Amino acid sequence: LEEEETNKGKKRIRLGICAMDKKARSKPMAEILSRLSDTLFEIVFFGDALLLHSPVSEWPIVDVLIAFYSSGYPLDKAIQYADLRKPFVLNDLQMQHTLKDRRKVYDLLEEAG
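Keep in mind the model is a prediction, meaning the values are calculated, not measured. Per chain, residue numbering runs from 1 following the sequence as it is written. With pLDDT at 70 or above as the cut-off, local features in this predicted model cover only qualifying residues; side-chain atom pairs require 80 or more to be listed or tallied, and sums for whole chains, interfaces and linings still use all residues. By convention in this description, side-chain values take in all heavy atoms of the structure and omit both hydrogens and water.

**Student:** Quick question: what am I supposed to make of the pairing of strand β1 (residues 13-18) here?
**Tutor:** Remember that side chains alternate between the two faces of the sheet whenever the strand is regular. The criterion for strand pairing is that DSSP finds at least two bridges linking the strands in question. Secondary structure elements follow DSSP: runs of H or I of four or more residues count as helices, runs of E of two or more count as strands, with numbering from the N terminus. Inspection of the sheet shows β1 paired to strand β2 (residues 41-45) by 5 bridges, in the parallel sense. Across the sheet, residue R14 finds its bridge partner in β2, namely E42.

**Student:** Is there a simple way to explain the nonpolar core in this structure?
**Tutor:** Soluble globular proteins tend to pack their nonpolar side chains together in the buried interior. Remark: nonpolar core denotes a set of buried residues (Ala, Val, Leu, Ile, Met, Phe, Trp, Tyr, Cys) joined through side-chain atoms within 4.5 Å. Burial classes: relative accessible area under 20% of the type maximum marks a residue as buried, over 50% as exposed, and values in between as partly exposed (1.4 Å probe, protein chains only). Core analysis: the largest hydrophobic core is formed by 18 residues, its most contacted members being C18, F46, L51, W59, L65, Y73 and Y81. For this core, the secondary-structure elements that each account for two or more residues are α4 (47-53), β3 (64-67) and α5 (75-85). Tallying contributions element by element places α5 first for this core, with 5 residues. Only heavy atoms matter for contacts: two residues are in contact if any of them lie within 4.5 Å across the pair. Filtering out sequence-adjacent residues up to four positions away, Y81 remains in contact with F46, V56, W59, P60, I61, V62, L65, K86 and P87. In this structure, A24, M29, V64 and I66 belong to the second largest nonpolar core, which totals 8 residues.

**Student:** Can you help me understand the confidence of the model for the protein chain in this one?
**Tutor:** One rule of thumb: low pLDDT means the predicted coordinates there are not for detailed reading. Per-chain confidence: the protein chain averages 90 in pLDDT, with 92% of residues scoring 70 or above. For residues 1-5, every residue scores under 50 in pLDDT, and the model assigns this stretch 2 contacts once sequence neighbours within four places are set aside. The pLDDT score gives, residue by residue, the confidence of the prediction method on a 0 to 100 scale.

**Student:** How should α5 be read in this particular structure?
**Tutor:** Helical periodicity: at 3.6 residues per turn, an α-helix aligns residues three or four positions apart in one direction. For α5, the set of buried residues is L75, A78, I79, Y81 and A82. Down the axis of α5, the smallest arc covering the buried residues is 155°, so these residues share one side. Among the structural elements, β1, β3, β4 (88-89) and α6 (93-99) are those in contact with the buried residues of α5. Looking one or two places after α5, you find K86, whose phi comes out positive at around 55°. Comment: arc refers to directions from the helix axis out to C-beta atoms.

Listed below in structure tokens is the structure:
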């Protein structure tokens, strides 16, 4: 009820944090998220169990997605989710494949001059 009064009927933006728990629940992430207005954003953590064991069709639907690669992170599933649900993606998921390989990063930097 309080949330409805605060938002005056406006829908909050569902921001999906698509990252392993260690990153999603870290102090730096908490600091970033603390700066977002509760009246404008609803934060949805995907978490390890969901990312690793559930099909993307069962992942929560969000308006905006931010995804962070780390060891054990199912990047291909995150890409499948983005293709399926079409959220606004804040970071380039395909580029994260490149960032995993320092040779590709070097080549990319060379191309850029």
